[in-house]
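Residue-level structural notes
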Amino acid sequence: VHHLEQAAIGGVPFARHNLGIMEGKNGRPDRAVKHLIIAAKLGQDKSLSSLRRLYAEGIVSKEDLAGALRAHQDAVEETKSQQREAAEAARTDRVK
């Protein structure tokens, strides 16, 4: 758990997501939601899916989900660039 916490502090979205899942399993939904929101804001898709499920269960508020969704979209947008898209296109052309 220590290394997972260190990775989360270092900004690794998947580590933050895993901490959220662990907190949920340990009966601390409030802490789980906080970790999942942070991970979603860093662009972690699985965290956003988890937050949607928790919203359906009434654990996450509509405002928290909406804020996480907006921040997730912003994070994903920031990773897009023409250079990355060209590299992805070249990579998929080689695979065909």
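Reading the values: rules and limits
Residues numbered from 1 in each chain as written. Predicted model: local features only at pLDDT ≥ 70, side-chain atom pairs only at ≥ 80, totals over all residues. Heavy atoms only, no water. Helix = DSSP H or I, 4+ residues; strand = E, 2+ residues; numbered from the N terminus. Buried < 20%, exposed > 50% of the residue type's maximum accessible area, 1.4 Å probe, protein only. Contact = heavy atoms within 4.5 Å. Salt bridge = Lys/Arg side-chain N within 4 Å of Asp/Glu carboxyl O. Axes fitted to C-alpha atoms, helices over the stretch in contact; angles between N-to-C directions. Parallel < 35°, antiparallel > 145°, perpendicular 65-115°, else oblique. Nonpolar A, V, L, I, M, F, W, Y, C, P; charged D, E, K, R; others polar. Core = buried A, V, L, I, M, F, W, Y, C linked by side-chain atoms within 4.5 Å. Expected span 1.5 Å × (residues − 1).

With respect to the helices and strands, the residue Ser50 is situated in helix H4 (residues 45–56). Looking at Ser50, the relative accessible area reads 7%, which means it is buried. Discounting residues that sit within four places of it in the chain, Ser50 has contacts with His17, Ile21 and Leu36.

Attention now moves to the pattern of salt bridges. Across all of its chains, the model carries 3 salt bridges by this definition. Between Arg28 and Glu23 there is a salt bridge, and its shortest N-O distance comes to 2.5 Å. Judged by its relative accessible area of 9%, Glu23 is buried. With a closest N to O distance of 3.9 Å, Glu57 and Arg53 form a salt bridge. Where salt bridges share partners, they join Glu23, Arg28 and Arg31 into one cluster.

Another aspect to go through is the packing of helix H3 (residues 29–41) against helix H5 (residues 62–78). With their axes 7 Å apart at the nearest point, H3 and H5 run at an angle of 30° to one another. Relative to H5, the element H3 is oriented roughly parallel. Judged by residue contacts, Ile37, Ala40 and Lys41 of H3 engage Asp64, Ala68, Ala71, His72 and Ala75 from H5. Split into classes, the residues belonging to the contact of H3 with H5 amount to 5 nonpolar, 1 polar and 2 charged.

Bringing the environment of Ala66 into the picture now. You can see Ala66 is positioned in helix H5. The class of Ala66 is partly exposed, set by a relative accessible area of 30%. It is 9.8 Å that separates the C-alpha atoms of Ala66 and Arg52, two residues lying 14 residues apart in sequence.

Next up on the list: the nonpolar core. Formed by Val33, Leu36, Ile37, Ala40, Leu48, Leu51, Leu54, Val60, Leu65 and Ala68, the largest nonpolar core amounts to 10 residues. Elements that contribute at least two residues to this core include exactly H3, H4 and H5. Tallying contributions element by element places H3 first for this core, with 4 residues.

So, on to helix H2 (residues 13–25). Over its 13 residues, H2 extends 19 Å from the first C-alpha to the last, a length consistent with the 18 Å expected when each residue adds 1.5 Å. Those residues of H2 that sit buried are Ala15, Arg16, His17, Leu19, Gly20 and Glu23. Looking at the buried residues of H2, the elements they touch are helix H1 (2–9), H3 and H4. At the exit of H2 stands Gly27, carrying a positive phi of roughly 80°.

Keep in mind these numbers describe shape, not what the thing actually does.
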